Amino acid sequence: MYRYDQIDQQIVNERVTQFRDQTERFLRGELGEEEFRVLRLQNGLYVQKHAPMLRVAIPYGHLSSTQVRMLAHIARTYDRGYGHFTTRQNIQYNWPELARVPDILADLATVEMHAIQTSGNCIRNTTSDQFAGVAHDEVIDPRPYAELIRQWSTFHPEFAYLPRKFKIAVSGSLEDRAGTLFHDIGAQAVLNGAGKVVFRVLVGGGLGRTPILGHVIHDELPPEHLLTYFDAVLRVYNRFGRRDNIYKARIKILVKELGVEKFRAEVDAEWAHLKDGPSTITQAEIDRVSAFFVDPTYETLPVVSAAFEREQAEQKGFANWVKRNVFRHKQPGYAAVTLSLKKTGIAPGDATDKQLDAVADLADEYSFGEIRVSHEQNLILADVKQADLRAVWLRAKSIGFATPNIGLLTDIIACPGGDFCSLANAKSIPVAEAIQRRVEDKLGDLDYLHDVGDLQLNISGCMNACGHHHVGHIGILGVDKHGEEFYQVSIGGSQGLGASLGKVIGPSFAQEDMADVVEKLVGTYVDLRIEDERFIDTVKRLGIEPFKTRVYGQKKESAEVDNV
Amino acid sequence: MSKVILDNVIVDDDWARVTTADNDPGHSFTSATKIIVPLKIWQARPASLEGKAVGVWLDGADDPASLEADIKTLPLIAVNFPTFKDGRGYSTAYLLRTRYGYTGELRAIGDIQRDQLFYLHRVGFNALAVREDKDIEAALKSLNDFSNVYQASVVQSSPLFRRREAELSAASTP
């Protein structure tokens with residue numbers, strides 16, 4: 001993984017000093033509430049319901065075991081013993097004390113970490129594929145480019161006060177696991193006709209209040225031009241993006257209002273001045289950064305280990321876990337393991353200090369000391385030998401991270417919701433738990449869950465869509481109706497290259513109805529599916545009607561009738 | 001007299017600012033001999049500008065291209081930040097310095113505070129009119145908040161990776 005040199009380290013250290021001074025000035029009353037608000041947000045610090053919330057950057061979801069131990073230390077020392085992994089591969093702490101935040105940042109800096117630009121109207125932490133570098137379907141390792149983008153965007157002087165937040169995702173595989181279609185900029189590495197790696201650049205995608213899939217504005221951008229091209233996109237956005245209405249300020253609205261062609265023309269006109277200029281990435285720099293992401297020293301192993309096959313045959317629990325939580329690796333004899341942070345009764349994405357320490361140990365023993373975070377809010381050990389999988393499984397079980405549910409109904413993506421977030425209209429965590437419990441209690445055993453198969457359920461506590469509900473096969477959105485919490489349900493959303501936005505099935509529901517609603521949706525699918533169809537395939541084939549009929553046909557009298 | 005940071009030094013500000021409200025026909029503005037007028041007044045070129053040193057200020061929505069014809073002769077261009085959160089002026093400054101080749105005094109005016117100065121300086125403002133209720137001496141120090149930067153802009157037009165490479169090749173040359 002990327003390691004700081006003396007300059008990288010100094011920049012992060014200077015940020016700690018700067019933020020300490022800003023915090024002290026605020027506490028002394030020299031800096032106003034609103035002025036400090038903007039500064040603290042650019043450093044990931046929100047004021048929440050109970051306490052400030054600090055969001056720490058995990059660039060493209062990569063961590064060393066040393067960094068994970070530091071995250072555990074911070075949870076223990078400054079918080080209540082846990083942290084929450086987010087849908088943008090970051091980690092949030094919900095209970096820090098404002099005056100101690102500079103100390104947290106100083107601790108983070110000792111392990112090459114920071115909270116720079118994890119919030120505010122600036123370029124946010126760049127995200128990528130959690131399987132980058134190990135995926136069997138990879139065209140190019142996106143991490144060197146993600147790192148180059150991280151550096152370019154860090155303290156970019158021109159784009160710190162944009163109309164609104166700006167999110168960039170980079171993907172390097174055939175399958176898009178980075179959500180490039182719903183980012184302000186999505187960059188997908190592809191091979192062009194000449195067999196060269198180029199980026200397909202999408203712009204103006206996003207969820208939130210106005211969900212839109214991104215539009216392709218460049219089909220074949222050579223990698224060396226990424227930064228000059230992004231400068232051009234950002235400059236057009238900074239100058240012409242709307243600033244009169246916070247709900248219309250994202251770049252997607254500008255692209256929509258200008259039209260894709262006109263927007264592309266504006267970007268091209270600007271880029272003509274920048275292309276081949278000093279910010280063109282040199283081959284030497286691509287080589288320097290790529291050298292941090294070379295393969296670890298893999299052993300030469302057979303494609304399939306006989307012992308591994310036998311262990312699966314002998315132990316169903318292990319086989320179930322392998323089926324769901326183990327991802328195919330490019331290297332024969334290796335596998336990428338997803339540790340599930342979606343155990344029933346635990347808020348999706350939460351991890352305690354003890355669990356984090358245990359994960360760091362696992363990574364050191366079995367996966368070259370590295371850990372990744374997925375936007376599905378799980379943790380990944382990317383380079384585990386097949387022969388070690390059973391040992392990893394047992395250890396993961398002992399810390400509660402081996403729920404065999406990756407990609408299944410209970411692998412719920414959820415924001416912290418109304419329990420913590422002051423923006424939320426409704427709670428997310430209890431809804432996730434009610435659904436998980438229903439699956440466990442009423443729908444019976446694990447076989448049922450595995451039989452239902454791939455089903456992504458996403459919950460957002462408000463319009464801001466941190467739980468990415470629009471792209472959930474089942475999406476749940478918390479809404480406020482006359483001061484009460486209700487939930488709007490959509491189906492048919494999906495991620496990946498064929499991404500689609502879900503359609504709302506009808507009037508919203510009370511919290512206590514949500515497990516029933518999900519059970520009916522899943523029941524409809526089980527009854528109507530053909531052969532190996534996944535839930536999303538059935539919805540795409542039949543539309544929302546049969547699902548709607550099942551849910552509302554049996555709906556209780558007391559339920560809400562007007563649509564939100 | 002109010003103060004302004006000019007080329008990293010705090011100096012007396014001898015420019016008077018004229019707002020659009022002062023734009024009555026025949027208004028003589030002010031007795032000041034050095035005035036900064038809004039783009040609209042500049043474009044109207046009223047007779048009252050004669051005999052004065054005139055600088056022009058642009059608002060966030062004003063296109064810097066409007067001053068292209070005057071870029072060689074204007075002694076001062078100011079860019080107004082109605083609030084420090086409105087970042088359009090950063091791009092305006094960048095374009096004036098790079099695209100239009102403006103080399104005179106480029107001044108940030110409006111809601112200018114300490115915590116934005118580092119960025120303002122980098123995009124090409126060499127004059128910073130810190131809000132009068134703020135401590136300009138303390139603000140000046142923030143220009144040294146960071147000792148290095150990653151990306152290219154006006155001040156430091158070479159990205160860090162090119163400078164690293166130049167250093168390496170210099171070091172390897174006997």
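Along every chain, residues carry numbers that run from 1 in the direction the sequence is written. Just so you know, chain letters begin at A and ligand numbers begin at 1, following the order they were written in. Where totals are concerned, whole chains, interfaces and linings use all residues; where local detail is concerned, this predicted model gives features only for residues with pLDDT of at least 70, and gives and counts side-chain atom pairs only at 80 or more.

Draft legend 1. Expanded view of the overall build of chain A. Each helix and strand counted, chain A has 18 helices and 21 strands in total. Throughout, the radius of gyration refers to the C-alpha atoms, and the reference size of a globule is 2.2 Å times the residue count to the power 0.38. For 564 residues, the compact-globule estimate of 2.2 N^0.38 gives 24 Å, and the C-alpha radius of gyration of chain A, at 23 Å, lies within 12% of that figure. Expressed as lengths along the three principal axes of its C-alpha atoms, the size of chain A is roughly 60 × 60 × 55 Å. For chain A, the share of sequence-separated contacts (at least 6 apart) that also reach a separation of at least 24 residues comes to 68%. Helix numbering and strand numbering both begin at the N terminus, where a helix is a DSSP run of H or I of at least 4 residues and a strand a DSSP run of E of at least 2. By the criterion used throughout, residues are in contact when their C-beta atoms, derived from the backbone, lie within 7 Å.

Draft legend 2. Geometry of the nonpolar core. By convention in this section, buried Ala, Val, Leu, Ile, Met, Phe, Trp, Tyr and Cys residues joined through C-beta atoms within 7 Å make up a nonpolar core. Exposure classification rests on a simple neighbour count of other C-beta atoms within 10 Å of a residue's own: a residue reaching 20 or more is buried, one at 12 or fewer is exposed, and one in between is partly exposed. C-beta atoms are placed from the backbone. Membership of the largest hydrophobic core comes to 206 residues, with the highest contact counts inside it found for Val233(A), Val337(A), Val359(A), Leu381(A) and Leu128(B). A per-element tally of this core places helix α6 (residues 226–240) of chain A first, with nine residues.

Draft legend 3. Main features of the pairing of strand β8 (residues 185–191) of chain A. Residues and elements named next belong to chain A. Counting buried positions along β8 yields five of seven residues, so the element is predominantly enclosed. Pairing between strands requires that DSSP locate at least two bridges from one strand to the other. Where strand β7 (residues 168–171) lies against β8, four bridges are found, and the strand directions are parallel. Pairing of Ala-169 across the sheet is with Gly-186, part of β8. One ladder, built from seven bridges, connects β8 with strand β9 (residues 197–203); its direction is antiparallel. Counted as the bridge partner of Ile-185 is Val-203 from β9. Counting the residues between successive antiparallel strands, the hairpin from β8 to β9 contains five residues, one of them, Gly-195, with a positive phi of roughly 80°.

Draft legend 4. The arrangement of the environment of Gly51(B) in detail. The residue Gly51(B) is located in the loop between α1 (39–44) and β5 (53–58) in this model. Here the alpha-carbon distance between Gly51(B) and Ala127(B), two residues 76 residues apart in the chain, equals 24 Å.

Draft legend 5. Representation of the sheet that holds strand β14 (residues 370–373) of chain A. Residues and elements named next belong to chain A. Strand order in the open sheet formed by five strands is β3-β14-β15-β12-β11, and the pairing between neighbours is antiparallel. What marks the edges here is a single partner per strand, and that holds for β3 (62–64) and β11 (326–328). Mean inter-strand twist for the sheet, computed between neighbouring axes without regard to direction, equals 35°. Pairing between β11 and strand β12 (residues 334–339): three bridges, direction antiparallel. Within β12, the residue paired with Phe-327 across the bridge is Ala-336. The strands touched by helix α12 (residues 353–366) within the sheet are β12, β14 and β15 (379–385), with β15 carrying the most contacts at an inclination of about 25°. Here an axis means a line fitted to C-alpha atoms, over the contact stretch when the element is a helix, while the angle between two N-to-C directions is reported on a 0 to 180 degree scale.

Draft legend 6. Here's a closer look at helix α17 (residues 535–542) of chain A. Residues and elements named next belong to chain A. Residues of α17 that are buried: Phe-535, Ile-536, Thr-538 and Val-539. Angular distribution of buried residues about the axis of α17 spans 160°; they occupy a single face of the element. Contact partners of the buried residues in α17: β19 (484–491), α16 (514–528) and α18 (545–553). Of the residues trailing α17, Gly-543 is marked for its positive phi of about 80°. What the arc measures is the spread of directions leading from the helix axis to the C-beta atoms.

Draft legend 7. Region of the structure containing the confidence of the model for chain B. pLDDT measures how confident the predictor is about each residue, on a scale from 0 to 100. Overall, the predicted model of chain B reaches an average pLDDT of 92, with 94% of residues at or above 70. Across the whole predicted complex the pTM is 0.94, and at the interface the ipTM reaches 0.96.

Draft legend 8. Structural context of the sheet that holds strand β10 (residues 215–221) of chain A. All names here are of chain A. In space, the five strands of this open sheet follow the order β6-β7-β8-β9-β10, with mixed pairing throughout. In this open sheet, the two strands that pair with only one neighbour each are β6 (127–128) and β10. This element, helix α5 (residues 143–153), spans β6 and β7 of the sheet and lies at about 160° to β7.

Draft legend 9. How the structure looks around the pairing of β7(A). Burial along β7(A) is two-sided: the residues Ile168(A) and Val170(A) and Ala169(A) and Ser171(A) are all buried. Note that the unit made of β6(A), α5(A) and β7(A) has a crossover that is left-handed. Orienting the strands away from the viewer, one traces the path from the first strand over the helix to the second; a clockwise path indicates a right-handed crossover.

Draft legend 10. Expanded view of the interface of chain B and chain A. Counting residues at the interface gives 29 residues for chain B and 29 residues for chain A. Elements that contribute at least two residues to the side of chain B that touches chain A include exactly α2 (88–97), α3 (117–122) and α5 (160–172) of chain B. In this classification, Asp, Glu, Lys and Arg are treated as charged, Ala, Val, Leu, Ile, Met, Phe, Trp, Tyr, Cys and Pro as nonpolar, and every other residue, Gly included, as polar. The residue inventory of the side of chain B that touches chain A, partitioned by class, reads eleven nonpolar, nine polar and nine charged.

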